[in-house]
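Coordinate inspection notes
Read off the chains here:
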Amino acid sequence: MNARQDLPAHPPHTLVTRSPAALVGIFEPDVQLAIWQRPADPLIADYLETSRHGLGRGLRTTLEAGQCPELGDLPDHPGRDALAQDIGQLAELLGDLLDCPHIGLRLEVIDKAMCPRLHVDRVGIRLLCTYRGPGTEWLDDAAADRSKLGSGAGGLPDEESGLLGTGTQIQRVPGFAVALLKGSLWQGNGSRGIIHRSPAVPADGFPRVVLAADGVW
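Figured I'd write up the structure that's included with this text. (Residues numbered from 1 in each chain as written. Predicted model: local features only at pLDDT ≥ 70, side-chain atom pairs only at ≥ 80, totals over all residues. Heavy atoms only, no water.)

Before going further, it helps to spend a moment on helix α2 (residues 80–98). Under the 1.5 Å per step criterion, the end-to-end length of α2 is 27 Å for 19 residues, consistent within 8% with the ideal 27 Å. The buried fraction of α2 amounts to 14 of the 19 residues, a majority that puts the element mostly inside the structure. Two residues or fewer after α2 comes D99, characterised by a positive phi angle close to 50 degrees. (Helix = DSSP H or I, 4+ residues; strand = E, 2+ residues; numbered from the N terminus. Expected span 1.5 Å × (residues − 1). Buried < 20%, exposed > 50% of the residue type's maximum accessible area, 1.4 Å probe, protein only.)

Right under this line is the structure:
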């Protein structure tokens, strides 16, 4: 089955699939966001719930292909190894896609939105996976006035700047889903890139835990 037919209720620049192999569709010129929808891992979810007050500032590291991160600074509860293995597998997936020997990782433990304004990343392709709390929010290209991004907003909130069209709904990547976000530095993508932002973190969702991975050459 064609990946774009897998879950069809999405705009043309967005590929949503239940197959990790279909993520190669991010290389299609018109695709700006590719989402692999996968079920939550209950062992990881339980670990992050149990450990939520002891996660500190998370993790920053660089992995070679096939490596798993060392999570010894995180609480030693059941599920920590499952989290390390999943992070290692996602790093390997991104490395294979980008033909990249090293992957830079950030496991962010967040109590508020890191990037609360809608924006486009100055990167090539970035992988995001939210393990706990609300997922990354994104906007359909056809519903956006890109001239209102950044300074073009005149300091007004996204909902008041004119960036959003009438009736536009901001969409959200599900928890545990793996999202590949194409940025403005991808070849031929200078005036494009997926428009997205970090969500607000509700009190009952504190903290949000999200993995960000980038190729390192």
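We are not done yet, so read on.
Turning next to the nonpolar core. Counting 39 residues, the largest nonpolar core has L83, L107, L127, Y131, L180 and L211 as the members making the most contacts within it. Taken together, the elements giving at least two residues each to this core come down to β2 (33–36), α1 (42–50), β3 (59–64), α2, β4 (102–110), β5 (125–132), β8 (178–182) and β10 (208–216). If one sorts the elements of this core by residue count, α2 sits on top with 10 residues. Contact partners of L211, with chain neighbours within four places excluded, come to I87, L90, L105, R106, L107, L127, L128, C129 and Y131. Of all hydrophobic cores here, the second largest spans 11 residues; its members include V16, A177, I194 and A212. (Core = buried A, V, L, I, M, F, W, Y, C linked by side-chain atoms within 4.5 Å. Contact = heavy atoms within 4.5 Å.)

In space, the seven strands of this open sheet follow the order β1-β2-β8-β5-β10-β4-β3, with mixed pairing throughout. Each having just a single partner strand, β1 (14–17) and β3 make up the two edges of the open sheet. Across the sheet, the axes of successive neighbouring strands diverge by a mean angle of 20 degrees, strand direction being ignored. Here six bridges tie β3 to β4, and the two strands are oriented antiparallel to one another. Bridging across to β4, R60 finds its partner in R106. Seen against the sheet, α2 touches β2, β3, β4, β5, β8 and β10 and runs at an angle of roughly 165 degrees to β5. (Pairing = 2+ DSSP bridges. Axes fitted to C-alpha atoms, helices over the stretch in contact; angles between N-to-C directions.)

Let us look at the sheet that holds strand β9 (residues 195–197). Spatially, β7-β6-β9 is the arrangement adopted by the three strands of the open sheet, whose pairing is antiparallel. Pairing within the sheet leaves two strands with one partner each, and these edge strands are β7 (171–172) and β9. Where strand β6 (residues 137–139) meets β7, two bridges bridge the pair, whose relative direction is antiparallel. Along β7, the bridge assignment pairs E137 with R172.

What follows is about the side chain of E108. Positionally, E108 belongs in strand β4. A distance of 3.0 Å separates the side chain of E108 from the side chain of R60, its partner in a polar contact. A polar side-chain atom of E108 sits 2.9 Å from a polar atom in the side chain of R106. (Polar contact = N/O pair within 3.5 Å; in protein donor to acceptor, adjacent residues only side chain to side chain.)

A word on the packing of aromatic side chains. Per the stated rule, a full pass over the model turns up two aromatic pairs. Summarising the aromatic geometry, the rings of Y131 and F176 are spaced 5.4 Å apart at their centres and angled 80 degrees between planes, so their arrangement reads as edge-to-face. Of this pair, Y131 sits in strand β5 while F176 sits in the loop between β7 and β8, placing them 45 residues apart in sequence. Accessibility expressed as a relative area gives 4% for Y131, which makes it buried. Taking the relative accessible area as the measure of exposure, F176 reaches 5% and is therefore buried. (Phe/Tyr/Trp six-rings, centres within 6.5 Å; stacked < 30°, edge-to-face > 60°.)

A few words on the environment of R122. Inspection of the secondary structure puts R122 in the loop between β4 and β5. Owing to a relative accessible area of 64%, R122 belongs among the exposed residues under this scheme. Between the C-alpha atom of R122 and that of P29, which follows or precedes it by 93 residues, the distance is 17 Å. Leave out the neighbours within four places in its chain, and R122 touches S184 and L185.

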